[in-house]
Structure formats: structure tokens, C-alpha cells
2 protein chains.
Amino acid sequence: LCWAGVCGGIPDPRQRESLIQQEASRQTGGTVLLTEAEQRLSALLHKLKQQEVEGPQFPPAMHFFKALPLIQRSPVFSLLQKMPKGAALHIHDFAIVGVDWLVKNVTYRPHCYICFTTTQSVRFLFSAKKPNSHPKCSPWVLLQTLRGKVDNTTNLDTSLMQNLTLFTDDPVAAYPSQDIVWSRFEETFMAVIGLVTHAPVFKDYFYEGLRQFYMDNVMYLELRALLPMTYELDGSMHDRAWSLKAYQDVARQFVTEHPDFLGARVIYTVHRGLNLSEAKAIVEEAMQLQKKFPEFMAGFDLVGREDRGRPLWYFREALSLPAELGVTLPYFFHAGETDWEGTDVDENILDALLFNTTRIGHGFALARHPLAKELSRKRGVAVEVCPISNQVLKLVSDLRNHPAAVLMSEGHPMVVSSDDPATFGATGLSYDFYEAFVGLGGMNAHLGTLKELAINSIRYSSLSPQLKDKALALWQRKWDKFISENSQ
Amino acid sequence: LCWAGVCGGIPDPRQRESLIQQEASRQTGGTVLLTEAEQRLSALLHKLKQQEVEGPQFPPAMHFFKALPLIQRSPVFSLLQKMPKGAALHIHDFAIVGVDWLVKNVTYRPHCYICFTTTQSVRFLFSAKKPNSHPKCSPWVLLQTLRGKVDNTTNLDTSLMQNLTLFTDDPVAAYPSQDIVWSRFEETFMAVIGLVTHAPVFKDYFYEGLRQFYMDNVMYLELRALLPMTYELDGSMHDRAWSLKAYQDVARQFVTEHPDFLGARVIYTVHRGLNLSEAKAIVEEAMQLQKKFPEFMAGFDLVGREDRGRPLWYFREALSLPAELGVTLPYFFHAGETDWEGTDVDENILDALLFNTTRIGHGFALARHPLAKELSRKRGVAVEVCPISNQVLKLVSDLRNHPAAVLMSEGHPMVVSSDDPATFGATGLSYDFYEAFVGLGGMNAHLGTLKELAINSIRYSSLSPQLKDKALALWQRKWDKFISENSQ
Ligand SMILES: [Zn+2]
Ligand SMILES: [Zn+2]
């Protein structure tokens, strides 16, 4: 009749305490042993978090665009910014740098043309001479010329920035539905692409991205990258391999200049809008790139809105090619970024695992897939949790209800990442760590949780065992410094 | 290297199918065998649900007050209305009858006085002579007199109804926070209480409640009841035992008049605002009532907003009394009706189990308590899921993110109930069944899910084994009729 302390009406307080402890030990970081200094910092974090819980507004329950100023004033957030967070494992190539840098730096470079689309957006192009008109866009005009004509360049720059991000003061009104927020999301991408595919900007952008993550105390990136063709001022083009090589060169240069940074690897991504034969060609190209850049390329993924794209199973013949040929092409699939349980898209979760994915991007639907969840856990396939992205793209409003809160309470393999921070008005990883720590984790999450999340980002990275050891040692030095500086 | 069909890159389609089937079999109703006729109806439901998923607006993703007219037009809903749903196991005494009945029937009875509070609400009182003024309320006026003076009694009646329910056209504006919606919720209760504690109304209200659930194809109720003192026109009062006896008499009368209805039992509830010594006295009173009405009284519970009330552990000395005395007093605790993970309130989940609760009311937080979840499952302690209540009281907005969706995917013991349907503008159980079937269950939930939920409501009821058998036999006859009439 008795089981785990439950006998029938008179609980034993000691058994109660033991059950609470047992449950607490299951959560992410639940078995991490903390030093005395760490325990002091953990107690401080607990106290600060309690104050946010008791405050008049609780940021994780609010839309991130509304919560942002509150988070920036949060002492929990400022500790998280200083904390060495390890690696950013789920971020996309053209949304890692704050859009103010794009406008203030890139659009002020010479030869930058702009046109205004019929959809109230903009397109950019660098060109030595005036380019041919773009369909559904006004004639191209040099930004330098335009800035000379307007009264207030600050206003112009602000409006340019608004075209490059989803960030807005009134997200509820601006994005009433998932369709609308996704179409605006894709629109920001179209506005950015002309800037960042200009070959010199392509390199500078990545360098600046590394710098912004480095400043946010992130030490290694795995970048999901479309590797588009890039162009020069004279219109000449570079191929995918050039892009990959450019990233590699920039990462090496950055590491040389910042020896406490570990570098980056690239997950080659392609939009899921393609058909099967296109997918086969792309997978073959991916295998070639993987062979050519075995150290720098981490693997392959499909991107774009899952709910509207083709499911992984549709691509099965393409995705089986590497295994059939005995070629290594690690997968890092986006899967289960959906509220639609029981649809084809929802099955991506299982299919990602069947195709031997290394990690699961988002895995928002995983908690509702008990068998896939067991598979993911037993095989150590970590979920890349991106809370702000899921909220902005309208999968969940109050982040306390994010399904990864369940995964966290079970200690499911997971890492925290930021997906497209620039598009969401964030930078680096700290904002998503805040949401994960305060919102998803609730009062149960403590410094051990944060420590395990940071270590997870190295453990579940695509790095070789040797590089993982190196990364962990580097991270541990940073961590010890962080603890000693913040545990007075 | 291979586990459950995952080997490394080339999934076997047959194994994939088997994994999908295995996972599907785990969900609520996943192992229910359907007859051919049931399979036809299940296929129809699947098709109709698919149409709702593909429609421009998806009711479970919307606030119930906005979704209501869409749900009323839904062919899925109309099938769920006809479906024999078994028992309503989580409903509260004074929110089971549509407020139109209260206004159109009860307030038109003679001797009904009204006053208008300083908080823009109303109070009612039946009295043979004009009663003394109520604090913070206008002088009492006979409704009959008032109706004679106003131009438009329809407008008056509409405004009265608005005081008795939370239902409104613009819930986002009306209830910006959980504090506000809870205070309005308690305000509706204060407005209703003067009507329903008038002794004759008390009986009629319960009769009408049974009738409305019966009309919604519910065959048995377990009513959480405050058992307040009731009053007569001359101001004389009846005690708690009178209220319990009155419910018993009404239930018996209703069963006599409707032989295919099984009746009701009462869970005596008290507001959690009391202190420990008050709680001890109440638990003693509950034991006496339980002894006096062993057949009709099911047990005991604490009600009121968990997030603001005292946790179960505070009441441990009171709640241990029955076990210490060797007296049977089954508990049916509300627990985990909160978004605040890791707080004292959140521990109610575990404490409810430690105090040997028979079911868990709401258990919204259960999915984030892996150990308590195992306890609940192994001990067959069902969760009473009330989706609309949780949405209206602002625990979750999009019901696809309701944590019971996770529990459902795991086949956790659960029943669906409606908490306070009248306050939320609903009736009976069908609306909550709709949200559970379409929202929480997604495209995975099928007729087997519904069948198991209905059977669960009998299996997890407080009925004796003999009465459960009787109830199941009665339900099965209704079910067979429902299937034969709707599987053409
Ligand atoms: Zn992504
Ligand atoms: Zn309730």
C-alpha cells in the first residue's frame, strides 16, 4: 500500500523532504555539486528571482518585446550576461548581429543602393554602377544620395532598422497571427540578404557576430548557414565553397585575436521548400562540402517554417544518401517547431531521430512524444531550446508554459540558444538564458541548472572529444573567475 | 548501436510505422479497441477535426469567450454534445446553471431584493420584509419595483447576467491580469450567493444543474459544495446538514424522474483562507458529515485561489486528523492550479498525493513534477483537467500548450471537467470535451480517446465498485445508441 512515502493520510515529514529532494535531483542541473562560493551565488540568484516573481510584472509571462526593458534592468539578467554560457548551438547566419550595426555601419558604406518594395519593405544592393531595377521595387537609389536629400537621417535609419527586425512596441497588434509573423519574418530576411551577401560585408558581418557573442560571454558557435553565393561590386559571384572558406578564415582570425574564444563550425542549411530531386542534389553537395571542410563544417539541416514546408519523411531518399554511400554527414534537424500535434510536421520529431540527428532544433513538440522523448534521452540527442524565438513566432505566449519546462524538470538533454537574436531584438544568448532560467525553470532552477546548461552546450556540440576537453577546460577557467567575482 | 529502430541514417519504413503505432498506443485511449461502427465515427471525427485545423480560426488557440460562437457551429462539438460523456467530477456548487436561468427564473420570484455595490456589482437577498442595508451597497430595492421603474427590463436583465459571469466580448481588455480575473471571479460568486442560498432556490438551482448536465449527456455528478447555511424568507437559517440533505433529496428526486441518470455525490469544500485551528474544526465537521451521509458525501477539499491561499502543508495537522483517528475522509484536493513552478503552492501536487488524495483537481503543474507524476500514475490518482477554466483564469492562452496535452500523450489517468461552467459562459461538459479533444489532443486524439475519457469519469469516480459496474453498464447502453445513431 505504501509507495515512495505515500501510505494513506499521514505523510512523514522526513519522507516528504526526501521526495522533494528526489524530484529536484531529476531536473537539469539537479545533481550538480556546487562549491560553497557557488552556493552563495545560487542563493543570491534565488533571492533576486524571488523578487522578480513577486514584482508587478513578470517578464517571462510577457511578450519579449514588452519584457525587454524590464529584463535589461533585471539583476538576474546582468549576472547571466557575465556568466560564461559556453556555446551557441542554434543560431542562423544572418540574424546574429544587431540591426543597428547593419544600418549604422554597412548601409553607410559606399555603393549601397536601396529600393522600396510594394510590400512596404526595402531591398539593398552594393554595386559599382546603378543596377537594373528589381521587380516589385522602386528604382534603385544610392543611400548616400537619399541621405543627402532627407531632412532627418536618424528617422531614415530608424525606419531602415524596422525593416530588418520583427521588433516593435506593439507586437500583439503588429502580429495577430502566426501566418503574419512568419511572413514578416521572411520579409526581414529578404531585406537583409542584399547587404550580407556582398562579399566584404559577408565576412565583416560574421566577424561582428562572433564579437557580439564573445562580448556576451559565449565562447563557441555552431552557425546554421545557407552559404549563399556572394557578390562583388562588379556583379561577379562567389560560390558556396567560397562562403564556407570565408567563414573559416574569419573564425580563425577572430580566434587569433581572441585566444579565449574557441571558434565556430557551420551547419549547412537549405530551405525546406525544395523538391526531392533538388534535395538529393543539395545533399550530394553537402557531402562534398563536408569532405572538403571536415574540420569546419559540422553537418546539414533544413530550415524554414516547418508548418508550411515539407516534412523530413518527404525527403527520406535524399536524407538516406549519405548512409547508403557510407559517407558521414551529421544532421542537426529542426524538428517539432509546431503547435499542431499529430500532423505530418509533428512526426518530424521521430523522423529526425530515425535519421540519426545529432541534436533536435527546437523540439517544441517533443514533450508530447513520449517514445521519441525516450529515444532522444537514451541516445543523448539534445534539444536546442530557443524560448524567445518560440514566443515571438507565436508557438507559446507565457514562457512558463513552454514545453521545455517539462523537459527541464526531467533533466532531458538540452541546450539553450537564441535562433535569430537580431530579428527578435536580442543579442547573444543572455536573453534566452534569462527566459530559460526565470521562466521555464521557475523557482526550481538554480545555479546548478545554469552550470549544466553551459556544460551541455559543449557536451552536445559537434566538437571532437579532444576539442570538447579543451573547451571545457577553457570554460571552467572562465566559470571559476565568474564565481569568484560574483559570490561575495 | 540500434535502439527502437534507430540505427544510423536509413530508417526502415516498417519500423517507423511500428514506432508511430507504439507511441500512439500510449496516449489516452490508445489501446481502446474500436468496433467497425466506432471506427467509421472516428474517421468522421478525424475528417471534421482536420477541417477545423485547416480553417481560418482555430478555436482552442483562441480565448474561449471568442471561440464560443465558433465552437457552437462546429460539427465536432455537436457530436460531442450528443456523446454520453459519463460523469462530471470537478464542478462547483454555484456555477453549474447558466446565469440566464438565475436572472430569468430566480430574480423574477417574489421578495427578491437587490443592492448595487460600490464595486459596480450587485447583491441579492430574498426577504419577507425590507432587509437592513448591506455595507458598501446601496439601499435594498425590490427587483419587482425596480423592473417597474426602468424602461427596458431586457437591458436590466442583461446587466444582471453580466454580474453573474465572467463572460464578455473582450476578455483581453476586461481581464488584463490573473489578479483582476480572479477578483472578478470572486465578485461573481458574491453576486450569486444571495440568490442560491435562499433555501427554496438552493434546491431548485441544484435540480436545474442536474437537468442541464443531464441534457448535455452527463449521467452522474460529483459536486464540490461549500454547503453554506441557507435562509428562509423570514431570515431563519438552516445548517450544513440541511444543505447536504437537500442535495441528497433533490438528486433522488431527479433520478426518480430520470431513471437513466445515476445521481450525484458531494465533496464538501471549504475556502483555503482559514487558519489551522479553523481547519481542524472544519475537518472534524467533515468527518461527522461523512459519517452521517456515507452514501451521499464523497469527501473533502479546499478551494479558492491556490496562488494566494495557504498550501496544503500548512494544514497538515488538520488533514492528518482522519488518519490519526482511523476515520475515513477521502480527499479530492485542488492542487497545482498554478504557473509558479517551485513555489510552496507548487508543492501542493506532492502533498495532495502524500495526503492520499483520491483525485487531483486541475493538476496543471503535474507535468513539471516527474516524481509526483509517477506517483499519481502508479496509484491511479486521476487528474481532473478543466481546460476552459485554466484558460479563462489565465494559466495558459493557447490550449494546445495546456500541460495536460503532455499527460494525454502519455495516457496519464485523467478526466475532463468544467469547474465553473456558468461563470465561463459554458454549460455541462461538452465545451471542455471539445477543447480537450481538438486542442489538447490534437490530430492524435480519436474516438478511443473520447471513449476512455468517458469511461475514466466512472472508473475514477468515488462510486462503490457495484455502482461503478451499474454506471458502466448504463453508460455502455447510451454509448452503443450514440454510435449506432452517428456512424452511418
Ligand atoms: Zn532555427
Ligand atoms: Zn475547481
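Preceding this paragraph is the structure being described.
Everything numeric in this text was worked out from a predicted model, so none of it was measured.

Is there a simple way to think about the overall build of chain A in this case?
Of the regular secondary structure elements, chain A holds 21 helices and 13 strands. Here the C-alpha radius of gyration of chain A, 23 Å, is about what a compact globule of 488 residues would show, namely 23 Å. Along the three orthogonal principal directions, the C-alpha set of chain A runs to about 85 × 55 × 45 Å. Sequence-distant contacts in chain A: of pairs separated by 6 or more residues, those separated by 24 or more amount to 77%. Here chain A displays about 18,400 Å² of accessible surface, and carbon together with sulfur accounts for 54% of that area. Of the charged side chains in chain A, 49 are positive and 54 negative; the average position of the first set lies 3 Å away from that of the second.

What is the right way to read the pattern of salt bridges from this model?
Summed over all chains, the structure comprises 46 salt bridges over all chains. For A:Arg26, the salt bridge is made with B:Glu374, and the minimal N-O distance between the two is 2.7 Å. In this pair, A:Arg26 sits in helix 1 (residues 13-26) while B:Glu374 sits in helix 16 (residues 370-378), so the two residues belong to two different chains. In this structure B:Glu374 comes out as partly exposed when scored by relative accessible area, which is 30%. When the shortest N-O distance is used, the salt bridge between B:Arg16 and A:Asp351 registers 2.5 Å.

Looking at this structure, I do not really get the nonpolar core. What am I missing?
A:Tyr247 and A:Phe300 are the most contacted members of the largest nonpolar core, which totals 161 residues. If sequence neighbours within four positions are ignored, A:Tyr247 has contacts with A:Asp93, A:Phe94, A:Phe202, A:Phe206, A:Leu223, A:Ala225, A:Leu227, A:Val266 and A:Phe296. B:Leu221, B:Leu223, B:Tyr247 and B:Ala365 belong to the second largest nonpolar core, which has 160 residues in total.

What is the right way to look at the environment of A:Ser487 in this model?
All names here are of chain A. Tracing the backbone through its elements, the reader meets Ser 487 in the segment after helix 21 (465-486). Judged by relative accessible area, which is 4%, Ser 487 ranks as buried. The spacing of Ser 487 and Phe 65 is 422 residues in sequence and 31 Å in space, taken between C-alpha atoms. Each residue touching Ser 487, except ones within four places of it in the same chain, is listed here: Ala 37, Arg 40 and Leu 41. Here Ile 483 takes part through its backbone oxygen, which lies 2.6 Å from a polar atom of the side chain of Ser 487.

It is not clear to me how the pairing of strand 2 (residues 112-116) of chain A should be interpreted in this structure. Could you clarify?
Looking down a regular strand, the side chains alternate between one sheet face and the other. Residue and element names in this part refer to chain A. Within strand 2, 4 of the 5 residues are buried, leaving the element largely enclosed by the surrounding structure. Relative to strand 3 (residues 122-126), strand 2 runs antiparallel, the two sharing 5 bridges. Directly across from Cys 115, in strand 3, lies its bridge partner Arg 123. As paired elements, strand 2 and strand 4 (residues 141-142) share 2 bridges and run antiparallel to each other. When the sheet's bridge partners are listed, Ile 114 is paired in strand 4 with Val 141.

Looking at this model, I keep getting lost on the sheet that holds strand 1 (residues 87-92) of chain B. Mind explaining?
In any sheet, the strands associate via hydrogen bonds between backbone groups, in a parallel or an antiparallel arrangement. Residues and elements named next belong to chain B. Spatial strand order, 1-5-8-9: 4 strands in an open sheet with parallel pairing. Sheet topology places strand 1 and strand 9 (297-303) at the edges, where each strand pairs with a single neighbour. On average, each strand axis in the sheet is inclined to that of its neighbour by 25°, with strand direction left out of account. Strands in contact with helix 10 (residues 199-215) are strand 1, strand 5 (220-225) and strand 8 (263-271); relative to strand 5, the strand with the most contacts, it is inclined by about 140°.

So what exactly am I meant to see when it comes to the coordination of the zinc ion (ligand 1) here?
The expected angle between donors at a tetrahedral four-coordinate metal is 109.5 degrees. At an octahedral six-coordinate metal it is 90 or 180 degrees. All names here are of chain A. Taken together, the protein donors to the zinc ion (ligand 1) comprise His 90 (NE2), His 92 (NE2), His 334 (NE2) and Asp 419 (OD), at separations of 2.1 to 2.2 Å. With 4 donor atoms in place around the zinc ion (ligand 1) and angles of 84 to 171° between them, the coordination shape is irregular. Here the donor residues of the zinc ion (ligand 1) are spaced in sequence according to H-x1-H-x241-H-x84-D. With His 92 in strand 1 (residues 86-92) and Asp 419 in the loop between strand 13 (414-416) and helix 19 (430-440), this residue pair connects regions lying 327 residues apart in the sequence. Of the two residues examined, His 92 and Asp 419, each falls in the buried class.

Could you clarify how one ought to interpret the relation of the copies chain A and chain B in this entry?
A rotation about an axis combined with a shift along that same axis relates the two copies of the chain. When chain A is fitted to chain B, the residual RMSD is 0.0 Å, and the transformation amounts to a turn of 180° plus an axial shift of 0.0 Å. Such a combination of turn and shift is consistent with a two-fold rotation axis. When the interface residues of chain A are mapped onto chain B, 100% of them are again interface residues, pointing to one common binding face.

What's the story with the state of the cysteines in this structure? I'm lost.
Cysteine pairs can be linked by a disulfide, which is a covalent bond between their two sulfur atoms. Residue and element names in this part refer to chain A. Taken as a whole and judged by the stated rule, the model has 2 disulfides over all chains. Residue Cys 115 pairs covalently with Cys 137 via a disulfide, S to S 2.1 Å. Taking the sign of the S-S torsion, about 95° here, the bridge from Cys 115 to Cys 137 comes out right-handed. Separated by 22 residues along the polypeptide, Cys 115 in strand 2 and Cys 137 in the loop between strand 3 and strand 4 bring together distant segments of the chain.

I keep staring at the environment of A:Ser430 and nothing clicks. Help me out?
Residue and element names in this part refer to chain A. Tracing the backbone through its elements, the reader meets Ser 430 in helix 19. Ser 430 gets classed as buried once you look at its relative accessible area, which sits at 1%. The contacts of Ser 430, once residues within four sequence positions are left out, are Phe 77, Leu 80, Gln 81, Lys 85 and Asp 216. A distance of 2.6 Å separates the side chain of Ser 430 from the side chain of Asp 216, its partner in a polar contact.

Got a minute to help me understand the interface of chain A and chain B in this structure?
Put simply, an interface is often sized by how much accessible area is lost when its parts join up. Of the residues lining the interface, 63 residues belong to chain A; the matching set on chain B comes to 63 residues. Interface area, chain A with chain B, both sides summed: about 5,800 Å², of which 60% is carbon and sulfur. In this structure, the salt-bridge partner of B:Asp339 is A:Arg400, at a minimum N-O distance of 3.6 Å. For the interface between chain A and chain B, the tally reads 20 residue pairs in polar contact (both at pLDDT 80 or more). Listing elements by their share of the side of chain A that touches chain B, those giving two or more residues are helix 1, helix 14 (321-325), helix 15 (348-354), helix 16 (370-378) and helix 18 (404-409) of chain A. Taken together, the residues of the side of chain A that touches chain B sort by class into 31 nonpolar, 15 polar and 17 charged.

Before we go on, may I ask you to explain the pairing of strand 11 (residues 359-362) of chain B in this structure?
All names here are of chain B. Where strand 10 (residues 332-335) and strand 11 come together, 4 bridges link them in parallel fashion. Note that in strand 11 the partner of Phe 332 across the bridge is Arg 359. In this fold, the crossover linking strand 10 to strand 11 by way of helix 15 (residues 348-354) has right-handed handedness. Pairing geometry for strand 11 and strand 12 (residues 382-385), over 3 bridges, is parallel. Residue pairing across strands places Arg 359 opposite Ala 382, the latter belonging to strand 12. A crossover links strand 11 with its parallel partner strand 12, the connecting element being helix 16, and its sense is right-handed.

Can you walk me through the environment of B:Ala365 in this structure?
Residue and element names in this part refer to chain B. Topologically, Ala 365 is positioned in the loop between strand 11 and helix 16. Between the C-alpha atoms of Ala 365 and Thr 338, which are 27 residues apart in sequence, the distance is 6.3 Å. Residues contacting Ala 365, with those up to four places away along its chain left out, are Gly 336, Thr 338, Asp 346 and Ile 349.

I tried to follow the coordination of the zinc ion (ligand 2) on my own but got confused; where do I start?
All names here are of chain B. Only His 90 (NE2), His 92 (NE2), His 334 (NE2) and Asp 419 (OD) from the protein coordinate the zinc ion (ligand 2), and they sit 2.1 to 2.3 Å from it. Coordination at the zinc ion (ligand 2) comes from 4 donor atoms whose angles at the metal span 84 to 172°, giving a geometry best classed as irregular. Sequence spacing of the donors to the zinc ion (ligand 2): H-x1-H-x241-H-x84-D.

So what exactly am I meant to see when it comes to empty space enclosed by the protein here?
It is the rolling of a water-molecule-sized probe over the atoms that shows where space remains empty. Scanning all chains against the criterion turns up 5 cavities of 30 Å³ or more. In this structure, the largest cavity occupies an estimated 120 Å³ of space. Lining the largest cavity are 15 residues; nearest its centre among them are A:Asn401, A:Pro403, A:Val406, B:Asn401 and B:Pro403. In the lining of the largest cavity, the residues fall into 7 nonpolar, 4 polar and 4 charged.

Honestly, the sheet that holds strand 1 of chain A in this entry has me stumped. Any pointers?
Residues and elements named next belong to chain A. Taken together, 4 strands build an open sheet; the order of strands is 1-5-8-9 and the sheet is parallel. The sheet is open, and its two borders are formed by strand 1 and strand 9 (297-303), each paired with just one other strand. Neighbouring strand axes in the sheet, compared pairwise and without regard to direction, differ in orientation by 25° on average. The pairing of strand 1 with strand 5 (residues 218-225) spans 5 bridges and is parallel. When the sheet's bridge partners are listed, Gly 86 is paired in strand 5 with Val 218.

What counts as what
- Residues numbered from 1 in each chain as written.
- Chains lettered and ligands numbered in written order.
- Predicted model: local features only at pLDDT ≥ 70, side-chain atom pairs only at ≥ 80, totals over all residues.
- Heavy atoms only, no water.
- Helix = DSSP H or I, 4+ residues; strand = E, 2+ residues; numbered from the N terminus.
- Rg over C-alpha atoms; globule rule 2.2 N^0.38 Å.
- Contact = heavy atoms within 4.5 Å.
- Areas by Shrake-Rupley, 256 points an atom, 1.4 Å probe, with all protein chains shown as cover.
- Lys, Arg positive; Asp, Glu negative; His and termini not counted.
- Charge placed at Lys NZ, Arg CZ, Asp CG, Glu CD.
- Salt bridge = Lys/Arg side-chain N within 4 Å of Asp/Glu carboxyl O.
- Buried < 20%, exposed > 50% of the residue type's maximum accessible area, 1.4 Å probe, protein only.
- Core = buried A, V, L, I, M, F, W, Y, C linked by side-chain atoms within 4.5 Å.
- Polar contact = N/O pair within 3.5 Å; in protein donor to acceptor, adjacent residues only side chain to side chain.
- Pairing = 2+ DSSP bridges.
- Axes fitted to C-alpha atoms, helices over the stretch in contact; angles between N-to-C directions.
- Donors = N, O, S within 2.8 Å, 3.2 Å for Na, K, Ca; no water.
- Tetrahedral: all angles 85-135°; square planar, octahedral: opposite > 155°, others 65-115°.
- Least-squares fit on C-alpha atoms with pLDDT ≥ 70 in both.
- Disulfide = S-S within 2.5 Å.
- Buried area = accessible area lost by both parts, 1.4 Å probe.
- Nonpolar A, V, L, I, M, F, W, Y, C, P; charged D, E, K, R; others polar.
- Right-handed = clockwise from strand over helix to strand, strands pointing away.
- 1 Å grid on protein atoms, 1.4 Å probe; cavity = no way out; pocket = protein on both sides within 12 Å on 5 of 7 lines; lining within 4 Å.
- Points joined across faces, edges and corners; volume = space filled by probe spheres on them.

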